[in-house]
Amino acid sequence: MFVSILKKAVPVPKLTDFDSFLFVGPHPDDIELACGGTVALLTKLGKKVTFVIATNGCVGSLDPSLTSEQIVEIRQKEALASAELLGVTDVRFLPYDDGGDYDQAAMKKDIVAAILDVKPQVVLCPDHTVFTEWHPDHLNVGRIATEAVFVASWDKLTARIGLTGSVGKVVIAYYYTHKPNGYVGVTSTYKLREQALRLHVSQFDEATLKRNNTYLKLREIRFGLRCGKRRAEGFRISTPVLRHCFPEATEY
């Protein structure tokens, strides 16, 4: 009962109520895989959407003969085409090799710089608290993006890393989460998510696409049942109030 009262006093906002969004992806295909239907819906609604892709994807390819440099070029082209299909034209690539061996402080500074430039109301990134996730880039990028939101909220903290200004209080929404507390209906846009994934030719053969789409369909139906939609994507949404000195937020 206490938590129910808190939920009414400090509710979780609807993502579609906001106007500007910064999606941070560990690799060039993660945003589409996790929440491509939401991206497509937001752009259809006229929202401002920016992608920041934290690593260059130099390790991942179906073709073992390609060099890392060739893979990066291919994956960036695929990411741009996929983003355009979803209605996103502002795509920013950070210069870090995937695999976890990079300067995390430098990556955080780059994400803070993007936040200061874009001034999003919502930053979306992987949920780094999922205990079954083992990929270092997903864990690192989720944590680093979370820290970047905190730093970007304070002039004195941005100044410490050689940047200027702040953006005030920003909502964080975690995708790839095990504890969603907010949902976006994607019944009208999930097919665009499917088409976007198909553009990542270097990553997904037909068998993998079929398997992924089956899983995502089941997940979207599951989340849809929770929010009264035929299909939905789920997020763990954290407002500034909920993420500091508020342990009951874990029960939201």
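About the criteria used
Residues numbered from 1 in each chain as written. Predicted model: local features only at pLDDT ≥ 70, side-chain atom pairs only at ≥ 80, totals over all residues. Heavy atoms only, no water. Pairing = 2+ DSSP bridges. Helix = DSSP H or I, 4+ residues; strand = E, 2+ residues; numbered from the N terminus. Axes fitted to C-alpha atoms, helices over the stretch in contact; angles between N-to-C directions. Contact = heavy atoms within 4.5 Å. Core = buried A, V, L, I, M, F, W, Y, C linked by side-chain atoms within 4.5 Å. Buried < 20%, exposed > 50% of the residue type's maximum accessible area, 1.4 Å probe, protein only. Right-handed = clockwise from strand over helix to strand, strands pointing away. Lys, Arg positive; Asp, Glu negative; His and termini not counted. Salt bridge = Lys/Arg side-chain N within 4 Å of Asp/Glu carboxyl O. Polar contact = N/O pair within 3.5 Å; in protein donor to acceptor, adjacent residues only side chain to side chain.

### Section: the sheet that holds strand 7 (residues 232–238)
Here is step 1: Reading across from one edge, 3-2-1-4-5-7-6 is the order of the seven strands in this open sheet, with mixed pairing throughout. Each edge of the open sheet carries a strand with a single partner, namely strand 3 (90–96) and strand 6 (182–185). Taking the axes of each pair of neighbouring strands and ignoring which way they run, one obtains an average angle of 25° across the sheet.
Here is step 2: Of the strands in this sheet, strand 1 (20–25), strand 2 (48–55), strand 3 and strand 4 (122–126) touch helix 4 (residues 104–118), which is tilted by about 165° from strand 3.

### Focus: the nonpolar core
Here is step 1: Of all hydrophobic cores here, the largest spans 37 residues; its most connected members are Leu15, Phe21, Phe23, Phe51, Leu124 and Phe235.
Here is step 2: When residues of this core are assigned to their parent elements, the largest contribution, eight residues, is made by helix 2 (residues 30–44).
Here is step 3: Once you skip the residues sitting within four places of it in the chain, Phe235 turns out to touch Leu15, Cys35, Thr38, Leu124, Ala173, Tyr174, Tyr175, Thr177, Pro180, Asn181, Gly182 and Val184.

### Some thoughts on the environment of Ala81
Here is step 1: The topology assignment puts Ala81 in helix 3 (residues 68–85).
Here is step 2: Sequence separation of Ala81 and Val201 is 120 residues, and the distance between their C-alpha atoms is 11 Å.

### Regarding the pairing of strand 2
Here is step 1: Strand 2 sits mainly inside the fold: seven of its eight residues count as buried.
Here is step 2: Pairing between strand 1 and strand 2: six bridges, direction parallel. In the sheet register, Phe23 faces strand 2, and the bridge partner there is Phe51.
Here is step 3: Summarising the sheet, strand 2 and strand 3 pair through five bridges and their orientation is parallel. Directly across from Thr55, in strand 3, lies its bridge partner Tyr96.
Here is step 4: Where the polypeptide runs from strand 2 across helix 3 and back to strand 3, its parallel neighbour, the crossover connection is right-handed.

### A word on the side chain of Asp30
Here is step 1: Turning to its location among the elements, Asp30 is positioned in helix 2.
Here is step 2: Of the buried charged residues, Asp30 lacks a salt bridge, with Arg75 as the closest side chain of opposite charge at 6.5 Å.
Here is step 3: Within the local environment of Asp30, its side chain forms a polar contact with the side chain of His138, the two groups lying 3.3 Å apart.
Here is step 4: Within the local environment of Asp30, its side chain forms a polar contact with the side chain of Tyr176, the two groups lying 2.8 Å apart.
Here is step 5: Discounting residues that sit within four places of it in the chain, Asp30 has contacts with His138, Tyr175 and Tyr176.

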